[in-house]
Amino acid sequence: MYGGGNIFENVPVDLESEDQEKLAAFEARINRGEKIEPMDWMPGLYRKQLIRMIEQHAHSEIIGALPEGTWITRAPGFKRKLSLMAKVQDEVGHAQLLYSAAETLGKPREAMINDLITGKSKYSNIFNYPAFTWADATIISWIVDAGAIVNQLANLKGSYGPYCRALDRICAEESFHLKYGHHAVIHLATGSPLQRKMVQEALNRWWPPMMHFFGPPDKASVHSEILMRWKVKMASNDENRQQFLDMYVPKIWELGLTVPDPNLNKNNESGQWEYTEPDWEEFKRVINGDGPCNAERLAVRRFAEERGAWMRKAILKKETEYVMPLA
Ligand code: FAQ
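All values derive from a computational prediction rather than experimental measurement. Each chain has its residues counted from 1, running along the sequence as written. Totals for whole chains, interfaces and linings use all residues, but because this is a predicted model, local features are given only for residues with pLDDT of at least 70 and pairs of side-chain atoms are given and counted only at 80 or more. Derived side-chain values reflect all non-hydrogen atoms in the structure, with water molecules and hydrogen atoms excluded from consideration.

A. How the structure looks around unusual backbone geometry. Phi is positive for K231, close to 55 degrees, though the residue is something other than glycine. By the criteria applied, helices consist of DSSP H or I runs no shorter than four residues and strands consist of E runs no shorter than two, each listed in order from the N terminus. Counting through the fold element by element, K231 comes out in the loop between α8 (224–229) and α9 (237–254).

What follows is the structure, given as structure tokens:
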């Protein structure tokens, strides 16, 4: 809908061929804590990395609406239905904010959606797993949102203005989701033996993908070094994983639930959590399209894209001039 073309295709992405004076000034601005805005000079690699990351984040929000979305009609009671519907709607809204932020870097929204539905772009591993029961939906709303907040609260202090402003609003909304999710999990965890069993089983299912959620271990992370140097990522994958464990394992235990990892333990000397390394081969398969629900998730998006085409055509006037958003 916006965007004048993919300017990202024509920019250099190796730092040697950048203007070294401009690069030094750019890095000095970042080190002073200034925000970089869309029309400011930036190295091609910064642009490319931001598009990759923000676009994947936007796709994750839109695909992330699907596993919970299927539970709206089956949520127990009117209040839960209302809350879940509002939450799912928020997630789709987050995707819109993020697509706008990515568009400021020059990649049109149509190209991003196309890369999603053709399987070219990645999105979060976690949304490729099924939500079998109502308890799965509550665990997503609590635990997955918790992980998302840990990551995004760090990154909202980052260097790219439009992304940080989008994250600011997203985090405020996510914190409502987290409260709703926690409330729904407490209800099940303090309910009948069957409800407790249901929520424990759901936690067992979501724990391994949740350990993957923060990305590969730092030593295997491809992009962290440059993203942290340029203050796009404000905490490493392992730091975020540790912070999530620190904040949420005690809350899970408080509810009398167990974490399905016999080796999970906080080492009091190092202050670090020790855990069983999740299956990173499974992670790779899932993020590369071969998880339990990848095909289904993309089929839903493709269907939505095809069904909505007439509407987009109808509302776009031929003479409209499209501008790149500055978000
Ligand atoms: N899933 O070098 P790194 C949400 C890929 S929003 C899939 O460490 P990086 C809201 C990575 O892309 C959740 N792929 O990568 C919600 C790269 O592949 P590439 C999403 C992953 O970028 C809640 C390769 O592995 N959040 O949940 C994952 O430095 C409830 C190498 O990895 C964001 O997107 C993964 N988990 O760090 C909605 C936040 N991890 O591109 C509904 C912004 C890694 O070279 C319900 N993103 N990969 O082909 C980030 O903070 C970072 O991009 C990371 C990954 C931390 C996700």
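B. Up close: the pattern of salt bridges. Salt bridges are defined by distance alone: a side-chain nitrogen of Lys or Arg within 4 Å of a carboxyl oxygen of Asp or Glu. A complete count under the given rule lists 19 salt bridges for this structure. Residues R29 and E34 are paired through a salt bridge, measuring 2.8 Å at the closest nitrogen-oxygen approach. Residue E201 pairs with K197 through a salt bridge whose shortest N-O separation is 3.0 Å. Residue E201 and its partner K197 are located together in helix α7 (residues 193–213), separated by four residues, close to a single helical turn. Burial here depends on accessible area, computed with a 1.4 Å probe over protein chains only, as a share of the maximum for the residue type. Under 20% is buried, over 50% is exposed, and the range in between is partly exposed. With a relative accessible area of 34%, E201 lands in the partly exposed category.

C. Geometry of the site of the ligand. Surveying the vicinity of the ligand reveals 37 residues, the closest of which are K122, S221, V222, H223 and K233. Contacts described as polar in this section are N or O atom pairs within 3.5 Å, which, within protein, must combine one atom able to donate a hydrogen with one able to accept it, while residues neighboring in sequence count only if both atoms come from side chains. In this structure, an oxygen atom belonging to the ligand sits 2.8 Å away from a side-chain N or O atom of N151. Within the backbone of F213, a nitrogen or oxygen atom sits 3.0 Å from a nitrogen atom of the ligand. Each accessible area value is a Shrake-Rupley result obtained with a 1.4 Å probe; residue values ignore everything except the protein chains displayed when judging cover. A total of 1,100 Å² of accessible area belongs to the ligand in isolation, and the protein chains cover 91% of it. Sorting the residues of the shell around the ligand by element identifies α2 (44–69), α3 (78–103), α5 (134–155), α6 (161–189), α7, α8 and α10 (280–287) as the ones contributing at least two each. By residue number, the principal contributor to the shell around the ligand is α2, which donates eight residues. Residue type decides the class: Asp, Glu, Lys and Arg count as charged, Ala, Val, Leu, Ile, Met, Phe, Trp, Tyr, Cys and Pro as nonpolar, and the leftover types, Gly among them, as polar. Of the residues assigned to the shell around the ligand, the class counts are 13 nonpolar, 15 polar and nine charged. Proximity criterion: a residue is near a molecule or strand once any of its heavy atoms comes within 4 Å of it.

D. Structural view of the packing of aromatic side chains. Only the six-membered ring of Trp is used, alongside the rings of Phe and Tyr, when aromatic pairs are assigned; centres must lie within 6.5 Å, and planes under 30 degrees apart are stacked while those over 60 apart are edge-to-face, with the rest tilted. If you walk through the whole model with that rule in mind, you get 14 aromatic pairs. Residues F213 and F214 carry aromatic rings whose centres are separated by 5.3 Å and whose planes lie at 85 degrees to one another, so their mutual orientation is edge-to-face. Across this residue pair, the class does not change: F213 and F214 are buried. With a centroid separation of 5.2 Å and an interplanar angle of 85 degrees, the aromatic rings of W280 and F283 are classed as edge-to-face. In this pair, W280 and F283 are both assigned in helix α10, three residues apart and thus about one turn of the helix distant. By relative accessible area, which is 15% here, W280 ends up buried. Accessibility expressed as a relative area gives 9% for F283, which makes it buried. Whether a charge lies above a ring is judged from NZ of Lys or CZ of Arg, which has to be within 6 Å of the ring centre and within 35 degrees of the ring normal. The ring of W71 has R74 sitting right over it, with the charged end atom 3.9 Å from the ring centre.

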